[in-house]
Amino acid sequence: QDLKYAGEPTHLEIGDDNTFREFVTVNRGTLPGARTVIGSHNHFLAYCHIAHDCVVGNHCIFSNNGTLAGHVTVEDHVVLGGLTAVHQFCRLGKFAITGGCSKIVQDVVPFTIADGNPARARGINQVGLQRNGHGEEQIKALRSAFKTLYRSRLNISQALEALRAAPPSDDLRHLIDFVASSQRGIVTAGRQERE
């Protein structure tokens, strides 16, 4: 599907125990030696599309018609809502969830809910975190990080500096590294999330 493709040998790697329902499409990489990679224990419902050069982690669920454009990265434990479309080169952080019919044009921060057209950050994915063994203190720390990123009057650089000064954890380090390395910017908050 990439118009630059000229017949070079490219690859698709798929891990173990994945479910691909009816009419799911997955494309290979497009440049010589390039690859599309799908991890293990994922569930792709009907009509999902994974374009060329994408990387999908482990334990993800793509609801019907979830669509990734080329070069998208999806980390572990992500839930893609039905009819969600993700723009090329975007990233979805681990334990993120998107609402149905969402339009993702920037990176979705790990552990958060993104919903809308264009998508906005709505809060922490508390249910998903609880279902996957996160305790109340871990969730509380992530909720505090969300407030620093989205409800304070700090810009991104200032918010990251404040988060680096918070009590450290693996989740917080991952969130900071994800935001700091964003090339497309992160999904912003809607008015109610900023207040």
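This text gives an overview of the structure that appears in the document. (Residues numbered from 1 in each chain as written. Predicted model: local features only at pLDDT ≥ 70, side-chain atom pairs only at ≥ 80, totals over all residues. Heavy atoms only, no water.)

### Brief notes about the nonpolar core
Counting residues in hydrophobic clusters, the biggest one holds 44 residues, and the most contacted among them are Val56, Phe62, Leu68, Val74, Leu149 and Leu175. At the level of secondary structure, the elements contributing two or more residues to this core comprise strand E17 (119-124), helix H2 (136-150), helix H3 (156-164) and helix H4 (170-180). The residues touching leucine 175, leaving out its near neighbours within four places in the chain, are Val109, Pro110, Phe111, Leu142, Ala145, Leu149 and Leu163. (Core = buried A, V, L, I, M, F, W, Y, C linked by side-chain atoms within 4.5 Å. Buried < 20%, exposed > 50% of the residue type's maximum accessible area, 1.4 Å probe, protein only. Helix = DSSP H or I, 4+ residues; strand = E, 2+ residues; numbered from the N terminus. Contact = heavy atoms within 4.5 Å.)

### Digging into the sheet that holds strand E9 (residues 67-68)
Spatial ordering of the open sheet is given by E3-E6-E9-E12-E15, a layout of 5 strands whose pairing is parallel. Bordering the open sheet on either side are strand E3 (25-26) and strand E15 (103-104), each of which pairs with just one other strand. Alignment of strand E12 (residues 85-86) against E15, held across 2 bridges, turns out to be parallel. In the sheet register, alanine 85 faces E15, and the bridge partner there is lysine 103. (Pairing = 2+ DSSP bridges.)

### Side note on the layout of surface pockets
Estimates place the volume of the largest pocket at around 220 Å³. The wall of the largest pocket is formed by 13 residues, among which Ile61, His77, Val79, Gly128 and Asn132 lie closest to the centre. (1 Å grid on protein atoms, 1.4 Å probe; cavity = no way out; pocket = protein on both sides within 12 Å on 5 of 7 lines; lining within 4 Å. Points joined across faces, edges and corners; volume = space filled by probe spheres on them.)

### Focus on a nonpolar patch on the surface
A grouping of Leu12, Ile14 and Phe20 is seen on the molecular surface, where their side chains present a nonpolar patch of about 230 Å² in accessible area. Of note, isoleucine 14 is situated in strand E1 (residues 11-14). Taking relative accessible area as the criterion, isoleucine 14 reaches 41% and is therefore assigned partly exposed. (Patch = residues over 30% accessible without salt bridge, like charges linked within 9 Å, V, L, I, M, F, W, Y side chains within 5 Å. Areas by Shrake-Rupley, 256 points an atom, 1.4 Å probe, with all protein chains shown as cover. Salt bridge = Lys/Arg side-chain N within 4 Å of Asp/Glu carboxyl O.)

### Some thoughts on the packing of H2 against H4
It is the contact of H2 with H4, at a shortest axis distance of 10 Å, that shows an interaxial angle of 25°. Classified by the angle between their axes, H2 and H4 sit roughly parallel to one another. Between H2 and H4 lies a crossing whose hand is right-handed. Note on element contacts: H4 touches H2 through Asp171, Leu172, Leu175 and Val179, opposite Gln138, Leu142, Ala145 and Leu149. A class-by-class count of the residues in the contact of H2 with H4 yields 6 nonpolar, 1 polar and 1 charged. (Axes fitted to C-alpha atoms, helices over the stretch in contact; angles between N-to-C directions. Parallel < 35°, antiparallel > 145°, perpendicular 65-115°, else oblique. Left-handed = near helix turned anticlockwise from the far one by under 90°. Nonpolar A, V, L, I, M, F, W, Y, C, P; charged D, E, K, R; others polar.)

### Describing the sheet that holds strand E7 (residues 55-56)
Strand order in the open sheet formed by 5 strands is E1-E4-E7-E10-E13, with parallel pairing between adjacent strands. Lying at the two open borders of the sheet, with one neighbouring strand each, are E1 and strand E13 (91-92). As paired elements, strand E4 (residues 35-38) and E7 share 2 bridges and run parallel to each other. Within E7, the position partnered with valine 37 by the bridge is valine 55.

### Details of the state of the cysteines
Applying the stated criterion across every chain yields a total of 0 disulfides. The thiol of cysteine 90 is not disulfide-bonded; the next cysteine sulfur, from cysteine 54, is found 11 Å away. With relative accessibility at 0%, the residue cysteine 90 sits in the buried group. Take cysteine 101: it sits in no disulfide, and the sulfur closest to it among the cysteines is that of cysteine 48, at 13 Å. (Disulfide = S-S within 2.5 Å.)

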